[in-house]
Amino acid sequence: MAMCTAAGWRDWTNLSDGPARLIADRLLAHDVADYVRFRAVCAPWRACSDDPRWQSVFDRRYHPQRWVIIRPPHAFDDRQGHLLNLSTGECVNLLLPDYHHYFVLGPTAEGLLLLYRKDTLIMQILNPLTGQTTDLPHLDTLINQGAIRYQSITLRLNELHLLSAGLSDDSTVVTIFGETYMTPDDSNYLAVARPGGKKWIRIDTSDIIASALPFAGRVYCATARKIMVVETAADKQPQLVTVATCELFEEGVTSRLRRLCLVENDGVLVLVAQHIEYVNNKRQRRCKVYRVDLDAGQTVPVRQVVERAIFIGFYSHRALSVRVGLSPSISANTIYFCKDQVDYDIYRIVDGSVVEDCRMKPADNGKIVLNPGLGSRKKLMPQCP
């Protein structure tokens, strides 16, 4: 135990291995960021806790699942970034991999980073909080498939626009590459790989895969007509299996789907559809939310997400469900749809209509604020220290 002097001072560095390890285990069970801070205090505390860098990057105990990576829209340093805690609003600085040697394709749903080395084209998964990393199959096995194999290496690398990524069955990486918006000639494709594998495996489907999300240990994919799960048994080729059908549009209403995103909302799998409706020759933007009922095999419209809001990104098909108390600017039962780095549409979940157009811009003090169009300024997120 820690020694206590007459003045009440305790020598916490001499805390015995048993209590120190118990504290470390409880911190890790709560939040991996607290565990990292614990290990940073002193060498004796590091000695009585496991080094995350020696653990598998697939070990979910070390995933920053409560955190999301934020890249400032006006960052002067390409390595500059932040981690935002979606539960508490805490924001910490993050140093991204050196862009001279790595290219970051984007985050996974678990808070990890998918990247590749520029010198070897080896793809990797990196845990930005712990430094855990593992190699994936060579990038050539991904970009040398299909029509893009006839292009130059530069053009082929430019084709890699990561829409969604996540982990399945604790040993498989599932990714979707393609275009941001859903158009008739979309070439979105699903690819999976395992550490130690020889190549990336493309899974062909006749439907455009719009979104993928890990949920309850499996990866689910959404198309305009159905929800599918990626089956990745070790002794079989990866395949897509339909688990639910989608009924997204009303009969007699002409609609064009623009964005489709899966999101976990407080333990429930939810589908968000942003589309254009044509009613009486008028063009209207709409956004609807559906609960994915895996037991019944169907999607069910919902009119509220209690005390939460949903944010949908522009450069990926990732969506986040955020607690309303995270910021006074966030309204419940609302979808914040990002059109680019600074412009947002806000939709009411009750009727799916556009409430207002918003624009984010730096204030005089350099902080990001939300401008609803009337000159007022509200914080969109808690500011970083």
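Residues numbered from 1 in each chain as written. Predicted model: local features only at pLDDT ≥ 70, side-chain atom pairs only at ≥ 80, totals over all residues. Heavy atoms only, no water.

Considering the pairing of strand E16 (residues 226-231)
For the record, the criterion: Two strands qualify as a pair provided that DSSP identifies no fewer than 2 bridges between them. Think of it this way: any DSSP run of H or I at least four residues long counts as a helix, any run of E at least two long counts as a strand, and we number them from the N terminus.
Here strand E15 (residues 218-222) pairs with E16 via three bridges, running antiparallel. Within E16, the residue paired with Tyr220 across the bridge is Val229. Once E15 ends, the chain turns through three residues before running back antiparallel as E16. When E16 meets strand E17 (residues 239-245), the two strands line up antiparallel, connected through six bridges. Bridge pairing links Val230 to Leu240 in E17.

Description of helix H1 (residues 17-30)
Test applied: Multiplying 1.5 Å by the helix residue count minus one yields the expected span of that helix. Partly exposed describes any residue whose relative accessible area lies between the buried limit of under 20% and the exposed limit of over 50%, with all areas from a 1.4 Å probe on protein chains only and scaled to the type maximum. The directions from the helix axis to the C-beta atoms form the arc being described.
For H1, which comprises 14 residues, the first-to-last C-alpha distance of 20 Å matches the rise-based estimate of 20 Å (1.5 Å per residue) to within 8%. The set of residues buried in H1 consists of Ala20, Ala24 and Leu28. Down the axis of H1, the sector holding all buried residues measures 70°, keeping them to one side. Opposite the buried face of H1, by more than 90 degrees, sit the exposed residues Arg26 and Ala29.

Concerning the environment of Asp34
Definition in use: Any N or O atom pair separated by 3.5 Å or less is treated as a polar contact, with the protein-specific requirement of one donor-capable and one acceptor-capable atom, and with residues adjacent in sequence counted only for side-chain atom pairs.
Assignment of secondary structure puts Asp34 in helix H2 (residues 32-40). As a C-alpha pair, Asp34 and Ala24 span 10 residues in sequence and 8.7 Å in three-dimensional space. A polar atom in the side chain of Asp34 sits 3.0 Å from the side chain of Arg37.

Let's talk about the pairing of strand E22 (residues 308-312)
Counting buried positions along E22 gives five out of five residues, so the element sits mostly inside the fold. The side-chain alternation of E22 yields two buried faces, one formed by Arg308, Ile310 and Ile312 and the other by Ala309 and Phe311. Where E22 and strand E23 (residues 319-323) come together, five bridges link them in antiparallel fashion. Each residue of the ladder has a partner; that of Ile310, found in E23, is Ser321.

Focus: the sheet that holds strand E3 (residues 67-70)
This is how the line gets drawn: Every axis corresponds to a line fitted to the C-alpha atoms, with the helix fit spanning only the stretch in contact, and the corresponding angles, defined between N-to-C directions, vary from 0 to 180 degrees.
Pairing within the open sheet is antiparallel, and its three strands lie in the order E3-E4-E5. Two strands in the sheet have a free side with no partner beyond their single neighbour: E3 and strand E5 (91-95). Across the sheet, the mean angle from the axis of one strand to that of its neighbour is 30°, orientation sign disregarded. Two elements, strand E4 (residues 80-85) and E5, share five bridges in a ladder whose sense is antiparallel. Considered in E5, the bridge of His82 is made with Asn93.

Observations regarding the environment of Val174
Keep this limit in mind: Contacts were defined at the residue level, with two residues in contact if any of their heavy atoms lie within 4.5 Å.
Note that Val174 resides in strand E11 (residues 172-177). For Val174, a relative accessible area of 1% translates into the label buried. Counting along the chain gives 19 residues from Val174 to Ala193, while the straight-line C-alpha distance between them is 6.9 Å. Setting aside chain neighbours within four positions, we find Val174 in contact with Ser164, Ala165, Gly166, Ser168, Leu190, Ala191, Val192, Val219 and Val230.

A short note on the packing of aromatic side chains
Cut-off, in case you're wondering: Here is the rule: rings of Phe, Tyr and Trp (six-membered ring for Trp) pair when centre to centre is within 6.5 Å. Planes less than 30 degrees apart are stacked, more than 60 are edge-to-face, and the remainder are tilted. Two limits define a charge over a ring: the Lys NZ or Arg CZ must be within 6 Å of the ring centre, and within 35 degrees of the ring normal.
Inspection of every chain in the model, using the stated rule, returns six aromatic pairs. Where Tyr35 meets Tyr62, the ring centres are 6.0 Å apart and the plane angle is 70°; that geometry is what we call edge-to-face. Here the residue Tyr35 occupies a position in helix H2, and Tyr62 occupies one in the loop between helix H3 (43-47) and E3, the gap between them amounting to 27 residues. For the pair shown, Tyr35 and Tyr62 are each scored as buried. The ring of Tyr189 carries the charged tip of Arg202 above its face, separated from the ring centre by 3.6 Å.

Quick word on the nonpolar core
One broad rule of soluble globular proteins: the nonpolar side chains tend to lie buried together. As a reminder of what qualifies: Take the buried Ala, Val, Leu, Ile, Met, Phe, Trp, Tyr and Cys residues and link them wherever side-chain atoms come within 4.5 Å; each set so joined is a nonpolar core.
Judged by nonpolar contacts, the single largest core of 23 residues is most densely connected at Leu105, Met123, Ile125, Leu139, Leu142, Leu160 and Trp200. Within the residue set of this core, elements represented by two or more residues are strand E7 (113-117), strand E8 (122-126), helix H4 (140-143), strand E10 (162-168), E11 and strand E12 (189-193). If sequence neighbours within four positions are ignored, Leu105 has contacts with Leu114, Leu115, Tyr116, Met123, Leu160, Leu162 and Phe177. With 18 residues, the next largest nonpolar core counts Tyr220, Ala222, Leu262 and Val292 among its residues.

Topic: the environment of Asp295
Locating Asp295 in the fold gives a position in the loop between strand E20 (282-293) and strand E21 (298-302). Note: C-alpha distance between Asp295 and Val243 (52 residues apart in sequence) is 8.7 Å.

Topic: the pattern of salt bridges
Which entries qualify depends on this criterion: When a carboxyl oxygen of Asp or Glu lies within 4 Å of a side-chain nitrogen of Lys or Arg, that pair is called a salt bridge.
By the definition in use, this model includes 11 salt bridges. Residue Arg39 pairs with Asp51 through a salt bridge whose shortest N-O separation is 3.8 Å. One end of the pair, Arg39, is in helix H2; the other, Asp51, is in the loop between H3 and E3, with 12 residues separating them in the sequence. Judged by its relative accessible area of 10%, Arg39 falls in the buried class. Residue Asp119 pairs with Arg117 through a salt bridge whose shortest N-O separation is 3.1 Å. A relative accessible area of 55% places Asp119 in the exposed class. Here the residues in one salt-bridge network are Asp34, Arg37 and Glu90, joined through shared partners.

So, to be careful, I would describe these as geometric facts and stop short of saying anything about function.
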